[in-house]
Amino acid sequence: MRKIVIAGNWKMYKTQSEAKTFFSEFPAHLKNTAPQAAIADQQILICVPYTNLAILQTIVPAIGQANLSIGAQNVHWSENGAFTGEISAPMLVEIGIKYVIVGHSERRQFFGETEDTVNKRLKAAQSCGLTPILCVGESKQQRDANETESWIFSQLAADLVDIDQNNLIIAYEPIWAIGTGDTCASSEANRVIGLIRSKLVNRDVTIQYGGSVKPDNIDEIMAQPEIDGVLVGGASLDPAGFARIVNYR
Ligand SMILES: O=C[C@H](O)COP(=O)(O)O
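Please read all numbers here as calculations on a predicted model, not as lab measurements.

**Structural notes on the sheet that holds strand 3 (residues 68–71)**
For step 1, the next point in the chain: The eight strands lie next to each other as 3-2-1-8-7-6-5-4, forming an open sheet whose pairing is parallel. The sheet terminates laterally at strand 3 and strand 4 (99–102), the two strands that pair on one side only. On average, adjacent strands in this sheet sit at an angle of 25° to one another, irrespective of strand direction.
For step 2, the next point in the chain: Pairing of strand 5 (residues 131–136) with strand 6 (residues 169–172) involves four bridges; the strand directions are parallel. By the bridge assignment for strand 6, L134 is matched with I170.

Take a look at the structure:
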């Protein structure tokens, strides 16, 4: 069965004090009227900067929302070593982190991430029991050149070599829709996600859509049959707005 995962990605936003303020306000906005079985099928996740991980691991359990987790935004492929500025999977696991974003387009665009390093990071995450969220998606130029499918298929082919599809989330994030307000039409996101699913060995992988998801388009996005959740950037920074996204049903 495909699990719904509604995830926020704070990117490089929120100091510790700002993160604490967010979580002092967020729970009051959550609508918790769904039956327990439905809650168990839906994971809420917020991927925060490294400086917020440990402190939020002590704060979030006290909220009493069993399906709410904190995740990381990247992970190195080595368990330790001389890799200044990097964080390893065992470091995340030791503080109870279960999810990590891998291969976000901003990592690929600004920090030289390649399909090879994405694959290595996925393997490292899985080998320590973390569930990675693999991000794939095309640029505006690729879409305009009708290369969306071929590009995403090539990303999947390279990124998923020797990856366990039973412990994996994929986020389809068209780069041109990220932070632009230019949301991919939900029917088009549904079509591309269906194509991604057709390439997987495990057709039950949770596949999210990401790119300008907002409170006012979440219902339409989540009504699409192939879309199992969202990866939300800007709109995850506001507690009331992100709760509205989480409360879509
Ligand atoms: O990881 C999240 C995506 O980059 C989407 O960001 P956005 O919701 O600000 O467009």
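**With respect to the UniProt feature "binding site: substrate" (unreviewed entry) in the chain**
For step 1, the next point in the chain: UniProt's entry tags N9, W10, K11, G179, S212, G233 and G234 with the feature "binding site: substrate" (unreviewed entry), counted in the numbering of this structure. A stretch of 226 residues holds the annotated residues, and the largest C-alpha distance among them is 13.9 Å, short enough that they meet in one place. Within this annotated set, the largest pocket is lined by N9 and K11.
For step 2, the next point in the chain: On the secondary structure map, G179 appears in the loop between strand 6 and helix 9 (186–198).
For step 3, the next point in the chain: For G179, a relative accessible area of 78% puts it in the exposed group.

**Notes on the nonpolar core**
For step 1, the next point in the chain: Formed by 60 residues in total, the largest nonpolar core has its most connected members in F23, F26, Y209 and F242.
For step 2, the next point in the chain: For F26, the residues in contact, after removing those within four places along its chain, are I46, L68, P239, F242, A243 and V246.
For step 3, the next point in the chain: Core analysis: the second largest hydrophobic core is formed by eleven residues, A7, L45, Y99 and I101 among them.

**Overview of the layout of surface pockets**
The gaps of empty space that remain are located by a probe, the size of a water molecule, rolled over the atoms.
For step 1, the next point in the chain: Approximately 470 Å³ is the volume found for the largest pocket.
For step 2, the next point in the chain: Taken as a whole, the second largest pocket spans an internal volume of roughly 230 Å³.
For step 3, the next point in the chain: Forming the walls of the second largest pocket are 19 residues, and the residues nearest its centre are K11, G179, V232, G233 and G234.
For step 4, the next point in the chain: Residue composition of the lining of the second largest pocket, by class: eight nonpolar, eight polar and three charged.

**Quick notes on the environment of E173**
For step 1, the next point in the chain: Secondary-structure assignment places E173 in the loop between strand 6 and helix 9.
For step 2, the next point in the chain: Its relative accessible area of 5% is what places E173 among the buried residues.
For step 3, the next point in the chain: Within the structure, the side chain of E173 is placed 3.2 Å from the side chain of H104, a separation counted as a polar contact.

**Quick word on the site of the ligand**
For step 1, the next point in the chain: Around the ligand lies a shell of 13 residues, among which K11, H104, G179, S212 and G234 are the nearest.
For step 2, the next point in the chain: For the ligand, an oxygen atom lies 2.8 Å from a polar atom in the side chain of H104.
For step 3, the next point in the chain: Measuring from an oxygen atom of the ligand, one finds a backbone N or O atom of G234 at 2.9 Å.
For step 4, the next point in the chain: Contact with the protein chains removes 96% of the 300 Å² of surface that the ligand exposes when unbound.
For step 5, the next point in the chain: Taken atom by atom, the bulk of the ligand overlaps the second largest pocket.
For step 6, the next point in the chain: Of the residues belonging to the shell around the ligand, the class tally is four nonpolar, seven polar and two charged.

**Some words on the packing of helix 8 (residues 148–159) against helix 9**
For step 1, the next point in the chain: Where helix 8 contacts helix 9, the two axes come as close as 10 Å, and the packing angle between them is 40°. Taken together, the axis directions place helix 8 and helix 9 in an arrangement best described as oblique. When the axes of helix 8 and helix 9 are compared, the crossing they make is right-handed. Taken together, the residues of helix 9 that come into contact with helix 8 (itself represented by T148, E149, I152, F153 and L156) are R191, V192, L195 and I196.
For step 2, the next point in the chain: Split by residue class, the contact of helix 8 with helix 9 holds six nonpolar, one polar and two charged.

**Observations concerning the pattern of salt bridges**
For step 1, the next point in the chain: Under the definition given, this model contains 16 salt bridges.
For step 2, the next point in the chain: A salt bridge links E106 to K11; the shortest N-O distance between them is 2.8 Å. With E106 in helix 5 (residues 105–110) and K11 in the loop between strand 1 (4–9) and helix 1 (16–29), this pair connects stretches of sequence that are 95 residues apart.
For step 3, the next point in the chain: One continuous salt-bridge network, built from bridges that share partners, spans E138, R143, E149, E188 and R191.

**A closer look at helix 3 (residues 50–59)**
For step 1, the next point in the chain: N52, L53 and L56 are the residues of helix 3 that are buried. Across the axial projection of helix 3, the buried residues extend over an arc of 115°, all falling on one side. Residues of helix 3 that are exposed and point more than 90 degrees away from the buried face comprise T51 and T58.
For step 2, the next point in the chain: Those residues of helix 3 hidden inside the fold are in contact with helix 1, strand 3 and helix 4 (89–94).

Conventions we followed
Along each chain, residues carry numbers from 1 onward, in the same order as the chain's sequence is written. Selection of residues for local features in this predicted model requires a pLDDT of at least 70, selection of side-chain atom pairs for listing and counting requires 80 or more, and totals for whole chains, interfaces and linings are taken over all residues. Here the side-chain values reflect all heavy atoms present in the structure, with hydrogen atoms and water set aside. By this definition, two strands are paired if DSSP reports at least two bridges between them. Put simply, DSSP marks the helices as runs of H or I at least four residues long and the strands as runs of E at least two long, and each gets a number from the N terminus on. To get an axis, fit a line to the C-alpha atoms, keeping to the stretch in contact for a helix; angles then go from 0 to 180 degrees between the N-to-C directions. UniProt positions are given in the numbering used here, feature names are shortened, and annotations may be inferred rather than shown by experiment. Of the two site types, the cavity is a set of points on a 1 Å grid over the protein atoms alone where a 1.4 Å probe fits but cannot get out, and the pocket is an open set with protein on both sides within 12 Å along at least five of seven lines, each lined by residues with an atom within 4 Å of a point. Exposure is judged per residue with a 1.4 Å probe applied to protein chains only, and the accessible area is read against the type maximum: over 50% gives exposed, under 20% gives buried, and values in between give partly exposed. Grouping buried Ala, Val, Leu, Ile, Met, Phe, Trp, Tyr and Cys residues that are joined through side-chain atoms within 4.5 Å yields what is termed a nonpolar core. Residues are treated as being in contact if the distance between any of their heavy atoms lies within 4.5 Å. Grid points are joined across faces, edges and corners, and a volume is the space filled by probe spheres set on the points. Asp, Glu, Lys and Arg are counted as charged, while Ala, Val, Leu, Ile, Met, Phe, Trp, Tyr, Cys and Pro are counted as nonpolar; the rest, among them Gly, fall into the polar class. Here a polar contact is recorded for every N or O atom pair within 3.5 Å, except that within protein the pair must consist of a potential hydrogen donor and a potential acceptor, and residues adjacent in sequence are included only if both atoms are side-chain atoms. When we say a residue is near a molecule or strand, we mean one of its heavy atoms is within 4 Å of it. A 1.4 Å probe and the Shrake-Rupley method give the accessible areas. Residues count as covered only by the protein chains that appear here. In this scheme, a molecule is assigned to a cavity or pocket if more than half of its atoms are within 2 Å of the grid points. Between 65 and 115 degrees an angle is taken as roughly perpendicular, under 35 as roughly parallel, over 145 as roughly antiparallel, and anywhere else as oblique. Whether a crossing is left-handed or right-handed is set by the direction in which the near helix is turned from the far one by less than a right angle, anticlockwise for left-handed and clockwise for right-handed. A pair is scored as a salt bridge if a Lys or Arg side-chain nitrogen falls within 4 Å of a carboxyl oxygen belonging to Asp or Glu. The directions considered for the arc are those from the helix axis to the C-beta atoms.

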